[in-house]
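Below, each chain spelled out in residue letters.
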Amino acid sequence: MPQMRSVLLALIILAVPALSGASPETEIRTLLPKDGIPAIDAPEYASVKDAGGFMQPDEMVIGINIKGDKRAYSVPLLSSHEIVNDVVGGSAVSVTW
């Protein structure tokens with residue numbers, strides 16, 4: 001369902017300027033307030049074995065490996081939050097989608 005919401009949101013963004021008579025190049029419409037999509041600031045992790053119980057075998061992830069510290073961030077979950085702030089291998093990272 002997150003993909004459907006993204007497509008619907010994109011269609012609304014494209015349609016609003018056309019309906020108002022303004023050109024898309026000159027008018028920006030905001031549908032969500034600032035920080036309307038919360039970042040994940042304290043991510044929780046599951047083992048590979050446990051993740052098999054709720055993730056699909058072909059689920060897309062964004063993977064990071066810094067100094068042997070490995071993480072996999074679910075793209076479907078990121079579609080709802082868009083940003084994960086984390087520390088991987090001692091380095092602060094922001095994973096965005």
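Residues numbered from 1 in each chain as written. Predicted model: local features only at pLDDT ≥ 70, side-chain atom pairs only at ≥ 80, totals over all residues. Heavy atoms only, no water.

Asker: Lay out unusual backbone geometry with the relevant residues and their values.
Answerer: Despite not being glycine, Lys67 has its phi angle at roughly 55 degrees, a positive value. By secondary structure assignment, the location of Lys67 is in the loop between strand 1 (61-66) and strand 2 (69-74). (Helix = DSSP H or I, 4+ residues; strand = E, 2+ residues; numbered from the N terminus.)

Asker: Quick one: what's the story with the pattern of salt bridges, residue by residue and with numbers?
Answerer: Within the structure shown, the criterion is met by two salt bridges. The closest approach of N and O atoms between Asp69 and Arg71, which form a salt bridge, is 2.6 Å. Two residues, Arg71 and Asp86, come together in a salt bridge whose shortest N-O distance is 3.4 Å. Residue Arg71 is located in strand 2, and its partner Asp86 is located in strand 3 (residues 83-88); the two are separated by 15 residues in the primary sequence. Of the two residues, Arg71 and Asp86, neither departs from the other in class, the shared state being buried. Residues joined in a network through salt bridges with shared partners are Asp69, Arg71 and Asp86. (Salt bridge = Lys/Arg side-chain N within 4 Å of Asp/Glu carboxyl O. Buried < 20%, exposed > 50% of the residue type's maximum accessible area, 1.4 Å probe, protein only.)

Asker: Any details on the confidence of the model for the protein? Residues and values, ideally.
Answerer: In this model, the protein carries a mean pLDDT of 78, and residues with pLDDT of at least 70 account for 74%. The weakest mean pLDDT in the protein belongs to helix 1 (residues 2-20) at 48; the strongest belongs to strand 1 at 94. pLDDT under 50 marks residues 3-16. Its contacts with residues more than four places away, or in other chains, come to five contacts. (pLDDT = per-residue confidence, 0-100. Contact = heavy atoms within 4.5 Å.)

Asker: Run through the packing of aromatic side chains, naming residues and quoting values.
Answerer: Inspection of every chain in the model, using the stated rule, returns one aromatic pair. An angle of 70 degrees between the planes, with centres 6.5 Å apart, marks the rings of Tyr45 and Tyr73 as edge-to-face. Placement of Tyr45 in the loop between helix 1 and helix 2 (48-51) and of Tyr73 in strand 2 is noted, with a sequence separation of 28 residues between them. Looking at Tyr73, the relative accessible area reads 5%, which means it is buried. (Phe/Tyr/Trp six-rings, centres within 6.5 Å; stacked < 30°, edge-to-face > 60°.)

Asker: Provide a residue-level description of the environment of Gly63, including the pertinent values.
Answerer: When you line up the elements, Gly63 lands in strand 1. Sequence separation between Gly63 and Val95 is 32 residues, and the spatial gap between their C-alpha atoms is 9.4 Å.

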